[in-house]
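Residues per chain, in single letters:
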Amino acid sequence: FQAEDGIRDWSVTGVAGGLAICIAVDEKGSVYALGDKCPPVNQPLSFGKVKGGTISDPVLGTEFDLKTGDVVKWCPSGLGKLIGGIFDPVGVPVYPVQAKGKTVNVQVDVNYKANFEADYWSGILDAQGKSNGKY
């Protein structure tokens, strides 16, 4: 990802290792990398607003801490209160990030998706009637 000098309070999305990543920059110019799917309905976090060390879900208003991905405010908007009341608060993953000049590098586990899918099939019969997902 290439950034422009002097830009603050913004976010953008990218895909690395099959994972959607949100790159966010706060008012001080610090760069953060978080998962780009906001719980509970998977809105793109990259459309959110960065303010005061948090980034907010653009639709339901949930605020996530930029450093930890933890929930600061869970679904405070009108629609958010309705939908968010059904689900427990869940944060978003954060990833190690390094900004060097105009380049931003994010460290992700490129095997995450494959490992998740391998565990998913365990004990569940797939379309071919196998419980291990192997073919």
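You'll find the structure just up there.
Analysis parameters
Position numbers for residues count from 1 along each chain, tracking the sequence in the order it is written. Reporting in this predicted model follows two pLDDT cut-offs: at least 70 for local features of residues, and 80 or more for side-chain atom pairs to be given and counted; totals over whole chains, interfaces and linings ignore these cut-offs and use all residues. Side-chain numbers come from the whole structure's heavy atoms, not from hydrogens or water. In DSSP terms, a helix is any run of H or I states spanning at least four residues, a strand is any run of E spanning at least two, and both are numbered starting from the N terminus. Exposure is judged per residue with a 1.4 Å probe applied to protein chains only, and the accessible area is read against the type maximum: over 50% gives exposed, under 20% gives buried, and values in between give partly exposed. Contacts are assigned to residue pairs with any non-hydrogen atoms lying within 4.5 Å of each other. Per-residue and other accessible areas were derived by the Shrake-Rupley procedure at a 1.4 Å probe size, with only the shown protein chains allowed to occlude residues. Pairs of strands are assigned from DSSP output, requiring at least two bridges between the strands. Among buried residues, the Ala, Val, Leu, Ile, Met, Phe, Trp, Tyr and Cys ones that are joined through side-chain atoms within 4.5 Å form a nonpolar core. Where helices are involved, their axes are fitted lines through C-alpha atoms of the stretch in contact, as for all axes, and angles between N-to-C directions lie from 0 to 180°.

## Some words on the overall build of the protein
Here comes step 1: Tallying secondary structure elements over the protein gives two helices and 12 strands in all.
Here comes step 2: Each helix and strand of the protein, ordered N terminal to C terminal, gives the series β-β-β-β-β-β-β-β-β-α-β-β-β-α.
Here comes step 3: The burial tally for the protein puts 32% of its 135 residues in the buried class.
Here comes step 4: Nonlocal contacts in the protein, meaning residues at least 24 apart in sequence, comprise 36% of its contacts between residues at least 6 apart.
Here comes step 5: If you sum the accessible surface of the protein, you get close to 8,400 Å²; carbon and sulfur atoms cover 53% of it.

## A word on the pairing of strand β2 (residues 19-25)
Looking along a regular strand, one sees the side chains alternate between the two faces of the sheet.
Here comes step 1: Within β2, six of the seven residues are buried, which leaves the element mostly enclosed by the surrounding structure.
Here comes step 2: Here β2 runs beside strand β3 (residues 31-35); their pairing, made up of five bridges, is antiparallel. Looking at the pairing, Val-25 lines up with Val-31 of β3.

## Side note on the nonpolar core
Here comes step 1: By size, the foremost hydrophobic cluster in this structure holds 11 residues: Cys-22, Ala-24, Tyr-32, Leu-34, Cys-38, Leu-45, Val-50, Ile-55, Phe-64, Leu-66 and Val-92.
Here comes step 2: Listed by contribution, the elements that provide at least two residues to this core are β2 and β3.
Here comes step 3: Look past the residues within four positions of Leu-34 in its chain and what remains in contact with it is Ala-20, Ile-21, Cys-22, Ala-24, Leu-45, Asp-65, Leu-66, Gly-69, Val-92, Pro-93, Val-94 and Tyr-95.

## Remarks on the sheet that holds strand β8 (residues 63-65)
Hydrogen bonds along the backbone pair up the strands of a sheet, which may run parallel or antiparallel.
Here comes step 1: Spatially, β6-β7-β8-β9 is the arrangement adopted by the four strands of the open sheet, whose pairing is antiparallel. Edge positions in the sheet fall to β6 (49-51) and β9 (71-73), since each of these pairs with one other strand and no more. The sheet shows a mean angle of 30° between the axes of neighbouring strands, direction not considered.
Here comes step 2: For β8 and β9, the ladder comprises two bridges, and the chain directions are antiparallel. Residue pairing for β9: Phe-64 is matched across the bridge by Val-71.

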